[in-house]
Amino acid sequence: MNKPLLAVAVTLLSGSLAHAQDFPARPVHWILSQPAGSSPDISARLVADGLSKTWNQQVVVDNRPGGQNVIGAQAAAKSAADGYSYYFATTAALVSNPLTFKSLPYNPERDFVPVAMIGKSPMVIAVNNAVPAKSIAELVALDKKDPGKLAAANEGTKTFGGMMSQLLNVATGMRLLQVPYNGVAPALQDTVAGRTQVVLVSSAAMSPFLKRGDLRPIAVTSGKRVSGLESVPTMAESYPGFEYVGWFALVAPTGTPEAIVRKVNADVNAVLAKDEIQKRLLELGAINEGPGSPEQLAQFLKDERTRWAKLVKDINLQPE
């Protein structure tokens, strides 16, 4: 590199680092495509509050629910790439939506850069207490004894839980009747009431029903057993490769200065490392696996896109 170009490069780098050192000089805006009071919302506000205290600047969480995360994702993608706008994203927004919609008003790979992983949220497979199965093997045996008589409730055909519920049939050979609901709550309520026999939803949504003994957990979908449900085996213990979890990640509009991305990553990791934050996230069904870099999150997203493309192919789900 000649001297004039080198001088320009050094000047730009110095300016970027100075910008990062001064960051944030005003409130920071996070868009969340989930409703207020939901597990992602509470998790986002928990981390945002920690950052607000670290930075002495408010981190404002802006709920933009609707359209299976499309409304919020589109708004975030169009935000200014100045380091003050971020998207608290879900699995659906960054990975599964491109596989289930024929077209989207945003492109997850083009429009966002990875910042920080927040937490992973395993799903739980549970049965109504009247169902005699106490393990996934016993459920499979029960279904094969009387095929098509057991019904599985899910939160919607093309939702995270709905697609995994369909995969459950493919992976195990069961013929569970798939009953889609408009949301998690009615799916859980009907399974407790016995109108459906099986339900697969996030550990956060399932937690109060398990604590009351309304439902019996028989498997989790994460690669490792879940804290608080250590006696419940993973699906992968019986069906290797069956490992799917929901997750929350912080991303920024493409073009956000790299120095600021790295500062936000480090500060988010510091907040997540606090014992009280980890404990609260666990209560919300989210597991933080320790600090990670933007590059590690980028690789994770790449792997997830491959994993979910296989899932969609396996269940023969057609985009609409």
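These numbers were taken from a predicted model, which means no experiment stands behind them.

Would you mind going over unusual backbone geometry with me for this structure?
Most peptide bonds take the trans form, and the phi angle of most residues other than glycine is negative. In this structure, P24 follows F23 across a cis peptide bond, with omega equal to -5°. Looking at the secondary structure, you find P24 in the loop between α1 (3–22) and β1 (28–32). Look at Q68: it is not a glycine, yet its phi comes out positive at around 55°. Summarising the element assignment, Q68 is placed in the loop between β2 (59–63) and α3 (70–77).

Looking at this structure, how should I read helix α6 (residues 136–145)?
Residues that lie three or four places apart on an α-helix share one face, since the helix turns once every 3.6 residues. If you check which residues of α6 are buried, you get I136, L139, V140 and D143. An end-on view of α6 places all buried positions within 100° of arc, on one side of the element. The inward-facing, buried residues of α6 contact β4 (112–128), α7 (160–172), β7 (198–202) and β8 (215–220).

Would you take a moment to explain the pairing of strand β6 (residues 177–180) for this structure?
Regular strands place side chains that alternate from one sheet face to the opposite one. By the bridge criterion, four bridges tie strand β5 (residues 151–154) to β6 in an arrangement that is parallel. Residue pairing across strands places A153 opposite V179, the latter belonging to β6. Taking the sense of rotation as the criterion, the β-α-β connection linking β5, α7 and β6 turns out right-handed.

Please clarify how the layout of surface pockets should be interpreted in this entry.
Once rolled over the atoms, a probe with the size of a water molecule shows which space is left empty. Of the volumes computed, that of the largest pocket is approximately 880 Å³. Looking at the largest pocket, it is lined by 37 residues, and the ones nearest its centre are Q34, P40, E155, F160 and V184. Where the lining of the largest pocket is concerned, the elements lending two or more residues are α2 (39–55), α4 (91–100), β4, β7, α9 (203–211) and β9 (245–253). If one sorts the elements of the lining of the largest pocket by residue count, α4 sits on top with four residues. Its residues assigned to classes, the lining of the largest pocket comprises 15 nonpolar, 20 polar and two charged.

Sorry, what's going on with the packing of α2 against helix α10 (residues 258–272) here?
For any two helices packed against each other, the geometry is given by the interaxial angle and the distance between the axes. Running from N to C, α2 and α10 point in directions that differ by 110°, and their axes come no closer than 9 Å. With respect to their mutual orientation, α2 and α10 come out roughly perpendicular. The way α2 lies across α10 gives a crossing that is right-handed. Note on element contacts: α10 touches α2 through K263, V264, D267, V268, V271 and L272, opposite V47, G50, L51, T54 and W55. Residues of the contact of α2 with α10, tallied by class, amount to seven nonpolar, two polar and two charged.

It is not clear to me how α3 should be interpreted in this structure. Could you clarify?
Considered for burial, the residues of α3 that qualify are V70, G72, A73, A75 and A76. Here the buried face of α3 lies against β1, β3 (85–90), α4, β4 and β9.

Just to check I follow, could you spell out the environment of I125 for this structure?
Positionally, I125 belongs in strand β4. Judged by relative accessible area, I125 falls into the buried class, the value being 0%. What I125 contacts, discounting residues up to four positions off in sequence, is L168, V198, V199, L200, R216, P217, I218, A219 and M235.

Procedures and definitions
- Residues numbered from 1 in each chain as written.
- Predicted model: local features only at pLDDT ≥ 70, side-chain atom pairs only at ≥ 80, totals over all residues.
- Heavy atoms only, no water.
- Helix = DSSP H or I, 4+ residues; strand = E, 2+ residues; numbered from the N terminus.
- Buried < 20%, exposed > 50% of the residue type's maximum accessible area, 1.4 Å probe, protein only.
- Arc of directions from axis to C-beta.
- Contact = heavy atoms within 4.5 Å.
- Pairing = 2+ DSSP bridges.
- Right-handed = clockwise from strand over helix to strand, strands pointing away.
- 1 Å grid on protein atoms, 1.4 Å probe; cavity = no way out; pocket = protein on both sides within 12 Å on 5 of 7 lines; lining within 4 Å.
- Points joined across faces, edges and corners; volume = space filled by probe spheres on them.
- Nonpolar A, V, L, I, M, F, W, Y, C, P; charged D, E, K, R; others polar.
- Axes fitted to C-alpha atoms, helices over the stretch in contact; angles between N-to-C directions.
- Parallel < 35°, antiparallel > 145°, perpendicular 65-115°, else oblique.
- Left-handed = near helix turned anticlockwise from the far one by under 90°.

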